[in-house]
Amino acid sequence: MTFFKTSLFAALFTTTAFVIHPALAAENFGKTYQPVAPVGQTQTQVVYYRDASNTAGGAAHIYVDNEFHDALLPGGYTVFCLAPGKHNLGAYQNDAPQYRGKEQGYNVEMSGGQTYFVRVSSTMNAVPEARTRVQAEKDLAGLREQTHVLSRASSVEACKNLAPQYKDYTLSGDVMFRFSKGNEKGVSAQGRQAVKDLVATIKRENVELKQIQVIGHTDAIGSDRSNYALGLKRAQTVRTMLAENGLPARLMTATSVGSNEPVVNDCDASSKSALVSCLAPNRRVVVRVSGDQNVTAPAQK
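Residues numbered from 1 in each chain as written. Predicted model: local features only at pLDDT ≥ 70, side-chain atom pairs only at ≥ 80, totals over all residues. Heavy atoms only, no water.

**Considerations on the pattern of salt bridges**
Within the structure shown, the criterion is met by 10 salt bridges. As a salt-bridge pair, Arg131 and Asp139 come within 3.0 Å of each other at their nearest N and O atoms. Measuring nitrogen to oxygen at the nearest pair gives 2.7 Å for the salt bridge that ties Asp168 to Arg288. A residue pair is termed long-range when its members are at least 10 positions apart, and Asp168 in strand 11 (residues 167–172) and Arg288 in strand 14 (residues 284–293) qualify at 120 residues. (Salt bridge = Lys/Arg side-chain N within 4 Å of Asp/Glu carboxyl O. Helix = DSSP H or I, 4+ residues; strand = E, 2+ residues; numbered from the N terminus.)

**Here we look at the sheet that holds strand 2 (residues 44–49)**
Read from one edge of the open sheet, 6 strands run 1-10-5-2-8-9, paired in mixed fashion. Two strands in the sheet have a free side with no partner beyond their single neighbour: strand 1 (29–32) and strand 9 (129–131). On average, each strand axis in the sheet is inclined to that of its neighbour by 35 degrees, with strand direction left out of account. Of the pairings in the sheet, the one linking strand 8 (residues 115–119) to strand 9 comprises 3 bridges and is antiparallel in character. The residue bridging Phe117 from the neighbouring strand is Arg131, located in strand 9. Sheet contacts for helix 2 (residues 133–140): strand 2, strand 5 (76–82), strand 8 and strand 9; angle to strand 8, the most-contacted strand, approximately 55 degrees. (Pairing = 2+ DSSP bridges. Axes fitted to C-alpha atoms, helices over the stretch in contact; angles between N-to-C directions. Contact = heavy atoms within 4.5 Å.)

**Things to note about the side chain of Thr218**
Relative to the elements of secondary structure, Thr218 occurs in the loop between strand 12 (206–217) and helix 5 (224–244). At 3.4 Å, the side chain of Thr218 and the backbone nitrogen of Ser259 are in polar contact. Setting aside residues up to four positions removed in sequence, Thr218 forms contacts with Asn227, Leu230, Gly231, Gly258, Ser259, Asn282 and Arg283. (Polar contact = N/O pair within 3.5 Å; in protein donor to acceptor, adjacent residues only side chain to side chain.)

**Looking at the sheet that holds strand 6 (residues 85–92)**
Spatial strand order, 4-3-6-7: 4 strands in an open sheet with antiparallel pairing. Edge positions in the sheet fall to strand 4 (67–72) and strand 7 (106–110), since each has one partner strand and no second. Between one strand axis and the next, the sheet turns by 25 degrees as a mean value, whatever way the strands run. Where strand 6 lies against strand 7, 5 bridges are found, and the strand directions are antiparallel. Note on strand 7: the bridge partner recorded for Gly85 is Met110.

**A few points about helix 5**
Over its 21 residues, helix 5 extends 30 Å from the first C-alpha to the last, a length consistent with the 30 Å expected when each residue adds 1.5 Å. Looking at helix 5, one finds that the buried residues are Asn227, Gly231, Leu232, Arg234, Ala235, Thr237, Val238, Met241 and Leu242. With its phi angle positive at about 115 degrees, Gly246 sits one or two positions after the end of helix 5. (Expected span 1.5 Å × (residues − 1). Buried < 20%, exposed > 50% of the residue type's maximum accessible area, 1.4 Å probe, protein only.)

**What about the environment of Gln45?**
Secondary-structure assignment places Gln45 in strand 2. With 71 residues separating them in the primary sequence, Gln45 and Tyr116 have C-alpha atoms 6.1 Å apart. Those residues in contact with Gln45 that lie beyond four places of it in its chain are Val36, Ala37, Pro38, Val39, Val79, Phe80, Cys81, Gln114, Thr115, Tyr116, Cys159 and Asn161. Of the polar contacts made by the side chain of Gln45, one reaches the side chain of Asn161; its length is 3.1 Å.

These figures come from the coordinates and say nothing about function on their own.
So, in structure tokens, the structure goes:
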């Protein structure tokens, strides 16, 4: 079982099912999902995920072209690339070596330069559910990358992502919200004006909007769970306010990275108030806009 990263997980693998003890679950996940950058015409990209609410049975074994790729736990996702063309995708339980069900799956013709989003079926049917990017990225908010196994699928390639075509706009958490608050009642008058100004800037700088992701960031004061929840609440509040000020809600998703992406790391404060002040840059909401930029031609001399 060399595809497991530790002998501990190898000991947990059986010929009938892949079972993870709950105490180990947190060790099986990596980074929180962020929108994937596009790939070139020589590759096709797949984002395969399992809802956190889909808890039926053990791991969902992901097969690509009838070869094992990953084992998704509830709340996990995997991203991989393939050569363009016809491929077979499937998710299975009761995955004994002679289990014939894994010859089923979903045959699909995949085009170069495209990203496909598929979700493990809520009924644990082998055939995945195809999702649009907008649908999927609402589901993917807060999901974590599955990291405990290595792929055995020979057709899977490392993704050669193109440079992402987006621009980040940052709202200061301290300007937007009262300390530790995240709902709209906790938004300051200055924060409401900042959102109005941001909407005007986004409309001025983009001739066409394609996707808007609102990402909540917190400082590291408090638990990981509470920081994630606060970041998500703030992102959801800002998303609502952006929509109220004229940006299309259908293009927007809200997510949180909690305190996982700090701007400031080296605060050596002598008091809590000094620490809170030093960590202020980490408390922010980032509005990531994908669109066609409004480029102004240079003036002739």
